[in-house]
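Here's the letter readout for the chains.
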Amino acid sequence: MNKQEGQITWESPSNIAIIKYWGKHGIQLPENPSLSMTLSKCKTVTSLAYKPEAVPSDKVSYDFFFHGEKKDSFRAKIDSFFEKVIADFPFLKTLDFEIRSENSFPHSSGIASSASSMSALALCLCSLDEMLGRKSEDKDLNSFSDEFLSRASNYARLGSGSASRSVYPGFVTWGKHHELEGSTNLQAQPLPFEVHEFFSDYRDAVLIIDPARKSVSSRAGHKLMQGHPYALNRYKQASGNLSELLRALKTGDAESFVRITEQEALTLHALMMMSDPYFLLLKEHTLTAIDEIRNFRQEQNIPVAFTLDAGPNVHLLYPGSFAEPVEAFITERLKPLCAEEKIIFDHIGQGPEIKACP
Ligand code: DP6
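Parameters at a glance
Residue positions are counted from 1 within each chain, in the order its sequence is given. Per-residue local features of the predicted model are confined to residues with pLDDT of at least 70, and side-chain atom pairs are confined, for both listing and counting, to 80 or more; whole-chain, interface and lining totals are unaffected and use all residues. Think of the side-chain values as coming from all heavy atoms in the structure, minus any hydrogens and water. Numbering of helices and strands runs from the N terminus; a helix is a DSSP stretch of H or I covering at least four residues, while a strand is a stretch of E covering at least two. Burial here depends on accessible area, computed with a 1.4 Å probe over protein chains only, as a share of the maximum for the residue type. Under 20% is buried, over 50% is exposed, and the range in between is partly exposed. Every residue pair with non-hydrogen atoms within 4.5 Å of one another is taken to be in contact. Computed with the Shrake-Rupley method and a 1.4 Å probe, the accessible areas treat only the protein chains shown as cover for residues. A positive count includes Lys and Arg, and a negative count includes Asp and Glu. His and the chain ends are not counted in either. To locate a charge, take atom NZ for lysine, CZ for arginine, CG for aspartate or CD for glutamate. One less than the number of residues in a helix, times 1.5 Å, gives the span that helix is expected to have. Side-chain atoms alone can form a polar contact between residues adjacent in sequence; in general such a contact is a pair of N or O atoms within 3.5 Å, and within protein one must be able to donate a hydrogen while the other accepts it. When DSSP locates at least two bridges between a pair of strands, those strands are taken to pair. Fitted lines through C-alpha atoms give the axes, limited to the stretch in contact for helices. The angle between two N-to-C directions lies from 0 to 180 degrees. For this analysis, a salt bridge means a side-chain nitrogen from Lys or Arg found within 4 Å of a carboxyl oxygen belonging to Asp or Glu. We call a set of buried residues a nonpolar core when its members are Ala, Val, Leu, Ile, Met, Phe, Trp, Tyr or Cys and they connect through side-chain atoms within 4.5 Å of each other. By definition, no residue in a patch forms a salt bridge, and every one has over 30% relative accessible area; like charges are joined within 9 Å, nonpolar side chains (Val, Leu, Ile, Met, Phe, Trp, Tyr) within 5 Å. Only Phe, Tyr and Trp rings are paired, with Trp represented by its six-membered ring, and only when their centres lie within 6.5 Å; those with planes under 30 degrees apart are stacked, over 60 edge-to-face, the remainder tilted. Here, a charge over a ring means that NZ of Lys or CZ of Arg falls within 6 Å of the ring centre while also lying within 35 degrees of the ring normal. When an angle is under 35 degrees it counts as roughly parallel; over 145 it counts as roughly antiparallel; between 65 and 115 it counts as roughly perpendicular; any other value is oblique. Crossing handedness is read from the near helix: turned anticlockwise from the far helix by less than a right angle, it gives a left-handed crossing, and turned clockwise, a right-handed one. For this scheme, ten residues count as nonpolar: Ala, Val, Leu, Ile, Met, Phe, Trp, Tyr, Cys and Pro. Four count as charged, namely Asp, Glu, Lys and Arg, and the remainder, Gly too, count as polar.

Draft legend 1. Expanded view of the overall build of the protein chain. Broken down by element type, the protein chain carries nine helices and 14 strands. Overall, the protein chain is about 65 × 40 × 40 Å in size when its C-alpha atoms are taken along their principal axes. The buried share of the protein chain, reckoned over its 358 residues, is 54%. Considering only residue pairs separated by 6 or more positions, the protein chain has 76% of its internal contacts joining residues 24 or more positions apart. Per element, the accessible surface of the protein chain, about 16300 Å² overall, is 49% carbon and sulfur. Mean positive and mean negative side-chain charge positions of the protein chain (38 and 46 charges, respectively) differ by 5 Å.

Following this line, the structure appears as structure tokens:
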């Protein structure tokens, strides 16, 4: 029996890109392959409650609540996502939905939530699709095939490019690359090898330098790459960096990991500074933190690396084996640089989890 009424809940994490996705074309296709680390604590929980539609229509009928409050300001992004996927999920036209979403991280933390929220929503749709198409009650809806995850990643991409990577645990790539068999711009995939144990317990301390909303939307940001004078070289550089990073992750080469991670972060900002119009998002404390991190690395010989999103906050990446000295350094030197001394301590995560399913 297919139930036409119920609720599905997924919890999906954010991710931090090491090789940056910056520039897209067509329908959410990346100009270069990217690689990220899936986080654990920074996540979104999304519930999709559904019942038969009162008045049938060609549009998706839904209400959206963020932390319990009806939020119409989020509708534009969700509408645009539904428009892209409605042809593949016919039930979107026949059911009424109530979407409830909550982030584990504060809205004002400057952490982009599109990766976690769009992957959570895409996973809810894929689960509902499986459930409504289910032939018998026997199927275990808590076990997810490779095909299910790669489908969910494809739909997550249509919501937000970086969301495609959040569907998988650990280090994840998205985009076509000659060294990754089966890689495609349509969806992300886990690494085809086990990472060296040095990288198996990686940490990310998010230094909230400025909690203000991102000053460049990713939509505007990606657009800046169209006609950017350095675009083609950038795409080539990303591909080369990915080759080198894959080798580093496999062999435990911390030095290359640090070098590539930081080069990618600064390239992202250099590209924004050289675009027309330009965006200069680095704050004084961002630069001071970068200096402190470099000095600490040189003095202590500990392979900490910084990376940046399209904003002023600094992500400090470090191996769990060095957690003690690195966290003492964070408290002493970096905490005072953060807004209200705010830092989110996160680490490499296991990927999304289904929380409720009828
Ligand atoms: C700098 O995934 O937010 O974080 O596809 O337009 O939703 P849309 O963009 P989005 O871009 C992320 C850009 C980045 C780098 C990255 O995550 O790879």
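Draft legend 2. How the structure looks around helix α7 (residues 254-273). Taking 1.5 Å per residue as the helical rise, α7 with its 20 residues ought to reach 28 Å, and the 29 Å between its terminal C-alpha atoms agrees with that figure. Burial analysis of α7 places 14 of its 20 residues in the buried class, which makes it a mostly covered element. N-cap assignment for α7: the residue whose side-chain oxygen lies 3.3 Å from the backbone N of E255 is D253.

Draft legend 3. Inspection of the sheet that holds strand β13 (residues 343-347) at higher detail. Strands sit in the order β11-β12-β10-β13 across an open sheet of four strands; the sheet is antiparallel. In this open sheet, the two edge strands, each paired with only one partner strand, are β11 (305-308) and β13. Shown here is a sheet whose adjacent strand axes are inclined to one another by a mean of 25°, direction ignored. As paired elements, strand β10 (residues 202-207) and strand β12 (residues 314-319) share six bridges and run antiparallel to each other. Of the residues in β12, the one forming a bridge with A205 is L316.

Draft legend 4. Layout of the pattern of salt bridges. Scanning the entire structure with this criterion turns up ten salt bridges. One salt bridge connects D63 with K70, and the closest N-O pair in it is separated by 3.4 Å. Of the charged contacts in the structure, one is a salt bridge between R259 and E244, with a shortest N-O distance of 2.4 Å. Here R259, found in helix α7, pairs with E244, found in helix α6 (residues 231-251); they are 15 residues apart in sequence, far enough to count as distant. According to the relative accessible area criterion, E244 is partly exposed, its value standing at 26%.

Draft legend 5. Highlighting the nonpolar core. Residues F82, L92, F97 and L128 are the most contacted members of the largest nonpolar core, which totals 43 residues. Only β1 (6-19), β4 (34-52), β5 (61-66), α1 (75-85), β7 (95-103), α2 (114-132), α3 (146-159) and β8 (171-174) provide two or more residues apiece to this core. With ten residues, α2 is the single largest residue contributor to this core. When near neighbours in sequence (up to four residues on either side) are disregarded, L128 contacts I8, L48, Y50, F91, L95 and F97. In terms of nonpolar packing, the next biggest core, distinct from the first, is built from 29 residues, I18, C42, L180 and L246 among them.

Draft legend 6. Quick look at a nonpolar patch on the surface. Residues Y230, M273, M274, Y278 and L280 make up a contiguous nonpolar surface patch of roughly 540 Å² in combined accessible area. Mapped onto the elements of the fold, Y278 is located in the loop between α7 and α8 (284-300).

Draft legend 7. Molecular detail of unusual backbone geometry. Here the amide bond leading from D276 into P277 is cis, since omega sits at 5°, within 30 degrees of zero. Following the sequence through the fold, P277 ends up in the loop between α7 and α8. You will see that H67, though not glycine, has its phi angle at about 50°, which is positive. Within the secondary structure, H67 is located in the loop between β5 and β6 (69-70).

Draft legend 8. Local environment of the environment of T94. Mapped onto the fold, T94 is located in the loop between α1 and β7. Counting along the chain gives 38 residues from T94 to P56, while the straight-line C-alpha distance between them is 6.1 Å. Once you skip the residues sitting within four places of it in the chain, T94 turns out to touch P52 and E53.

Draft legend 9. Geometry of the packing of aromatic side chains. Applying the stated criterion across every chain, the model contains 17 aromatic pairs. Their ring planes at 75° and their centres at 4.7 Å tell us that Y21 and W174 sit as a pair that is edge-to-face. Separated by 153 residues along the polypeptide, Y21 in the loop between β1 and β2 (24-25) and W174 in strand β8 bring together distant segments of the chain. W174 matches Y21 in its accessibility class, with the two residues each being buried. Against the face of F193 rests K250, its NZ or CZ located 5.0 Å from the ring centre.

Draft legend 10. Focus on a positive patch on the surface. A cluster of like positive charges, contributed by K77, K84, R219 and K223, occupies part of the molecular surface. Taken together, the elements giving at least two residues each to the positive patch come down to α1 and α5 (218-223). By the element assignment, R219 lies in helix α5.

Draft legend 11. Geometry of the packing of α1 against α3. At a closest axis distance of 8 Å, the pairing of α1 and α3 adopts a crossing angle of 135°. The pairing of α1 with α3 is recorded here as oblique in orientation. As for how α1 packs across α3, the hand of that crossing is right-handed. Listed contacts from α3 to K77, F81, K84 and V85 of α1 are Y155, L158 and G159. Of the residues belonging to the contact of α1 with α3, the class tally is four nonpolar, one polar and two charged.

None of the figures reported here should be taken as evidence of function without further support.
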